[in-house]
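What the coordinates show
What follows is the residue order along each chain.
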Amino acid sequence: MDPIQAKQQMTLAEFRSLRDFIYGKSGIFFSESKQYFLENRLSKRIAELKLRSYGDYLSLLQGGQGSQGAAELKQLFVEITTNETSFWRNPPQIEAFQNIVLPDAAKQARERGQSRLRLWSAACSSGEEPYTLAMICQDLKDTVLRGLTVEILGTDISEKVLAQAQDAVYNSYTLRNLTPEQLQRHFIPMGKDLFQLKPEVKRLTSLRHCNLVDYPAYRQLGTFDVIFCRNVLIYFDEAAKAQVLKGFHGQLHPKAYLLVGHSESIHAFNTGFELLHFSKAMGYRKRT
Ligand SMILES: C[S@@+](CC[C@H](N)C(=O)[O-])C[C@H]1O[C@@H](n2cnc3c(N)ncnc32)[C@H](O)[C@@H]1O
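It should be emphasised that the depicted structure is a prediction, and the values quoted were computed from it without experimental measurement.

Procedures and definitions
Residues numbered from 1 in each chain as written. Predicted model: local features only at pLDDT ≥ 70, side-chain atom pairs only at ≥ 80, totals over all residues. Heavy atoms only, no water. Helix = DSSP H or I, 4+ residues; strand = E, 2+ residues; numbered from the N terminus. Rg over C-alpha atoms; globule rule 2.2 N^0.38 Å. Buried < 20%, exposed > 50% of the residue type's maximum accessible area, 1.4 Å probe, protein only. Contact = heavy atoms within 4.5 Å. Axes fitted to C-alpha atoms, helices over the stretch in contact; angles between N-to-C directions. Parallel < 35°, antiparallel > 145°, perpendicular 65-115°, else oblique. Left-handed = near helix turned anticlockwise from the far one by under 90°. Phe/Tyr/Trp six-rings, centres within 6.5 Å; stacked < 30°, edge-to-face > 60°. Lys NZ or Arg CZ within 6 Å of the ring centre and 35° of its normal. Salt bridge = Lys/Arg side-chain N within 4 Å of Asp/Glu carboxyl O.

Things to note about the overall build of the chain
Of regular secondary structure, the chain possesses eleven helices and ten strands. Taking 19 Å as the expected radius of gyration for a compact globule of 288 residues, we find that the chain reaches 20 Å, a close match to that expectation. Burial analysis of the chain (288 residues in total) assigns 51% to the buried set. Considering only residue pairs separated by 6 or more positions, the chain has 72% of its internal contacts joining residues 24 or more positions apart.

Written out as C-alpha cells, the structure reads:
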C-alpha cells in the first residue's frame, strides 16, 4: 500500500509497543480502548514522514538522543497530548486560590523571611492557567502581596502549546469566564475576536519545557509556595501519579499548597498532603 494513500491501520501489537513507549517517556497511559485515539493522532505523522507502519514510527522514536528520534519525540508529545484549557477554569477553585490560598501563602512566605512568592503551573498548556494566576497577582500586588515579588512558572511537555503561551493572544471563547472588567484591565483588543495579554501581567510569568515524569529535570526548578497541577494527572496511571506527587512534595515549602483538578483526588496516595475543603472546591497542603 502507498503509505500516504490511506490511513494506516494500527495492529494491537503495534498499539501495545507504542503505548508502552509513550508511558515510559511521559507517564501518559492509554488503555486498550484508546487504540483508535492513538491511531487517529499518529496516522497523520506516519503519512507526513512517509513511513510504512507504526512499527517503523516506533523505531524512529527509539533512535534516541541527537537523532531524528529525539526531534520526533517532541512532535509525539504535541500529537498525543490533550491541551484543553481556559482562563479562570473551575471558578470556585480559582476563587479559593485568590481568597484563601494566596493570602496564606503570602503570610507564610513573609514569616519565612522570603522576598519572593513562587507559583508553578505544572502542565500549563497554552498559558490560560498561569496567566489567570498572574492576573490575580497583578490585582493584589499592593495589598495581599505587598512587599513580595511574584514569580509564576508555566511548564508543559508540548512545545506547541508553550509557543502559544509565549504569544499570549487569545480568543473570546477561552476568555469566556472573565468579567468585562477583567478583560479590559488585563488585555489589549487586537480585533478579529483576539485579545493580547498586557505586558505587565505577562512579565510575572516565565515558561519552559518540563516533563512531569522527569523528576531530575524539575528538581532544579527550586521551591514553590503553590503548585497548580490540574487536569493532567487523569492521563497518568497510579504509578506515574505517585511519582509526580512525590516530586511535587519535594518542591514545596512545608505547609505549601497543591491544587489539582476537581475530578482528581490524590487521597488514595499516602502523599504527605492534607486535604482542604473550600467552598465548592478542594485543595491540598503539604503536611510538614
Ligand atoms: C488538559 S491540559 C490542562 C491544562 C491546565 N492545567 C488546565 O487545567 O486547564 C493537560 C496538559 O498536560 C500536559 N502534559 C501531559 N503530560 C505531561 C507530562 N508528562 N509532563 C508535562 N506536561 C504534560 C499536556 O501537554 C497538556 O497541555
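From this point on, the discussion continues.
Considerations on the packing of helix α5 (residues 91–111) against helix α6 (residues 128–139)
At a minimum axis separation of 11 Å, α5 and α6 run at an interaxial angle of 45 degrees. By the angle between their axes, α5 is oblique relative to α6. Judged by the twist between their axes, the crossing of α5 over α6 is right-handed. Contacts between α5 and α6 involve I94, F97, Q98 and L102 from the first element and T132, L133, I136 and C137 from the second.

What to know about the packing of aromatic side chains
Going through the model one piece at a time under the given rule, you end up with eleven aromatic pairs. In this structure an aromatic cluster arises from ring pairing among W120, Y215, Y218, F224 and F248. Above the ring of Y173, the side-chain terminus of R176 is found at 4.0 Å from the ring centroid.

Some points on the pattern of salt bridges
With the rule as written, the count across this model stands at 16 salt bridges. For E32, the salt bridge is made with R16, and the minimal N-O distance between the two is 2.8 Å. Remark: R16 occurs in helix α1 (residues 12–26) and E32 occurs in the loop between α1 and α2 (35–48); sequence separation between them is 16 residues. Accessibility expressed as a relative area gives 39% for E32, which makes it partly exposed. The class for R16 is partly exposed, based on a relative accessible area of 36%. Here E72 makes a salt bridge to R45, at a shortest N to O gap of 2.7 Å. With E72 in helix α4 (residues 68–80) and R45 in helix α2, the pair connects residues that are 27 residues apart, well separated along the chain.

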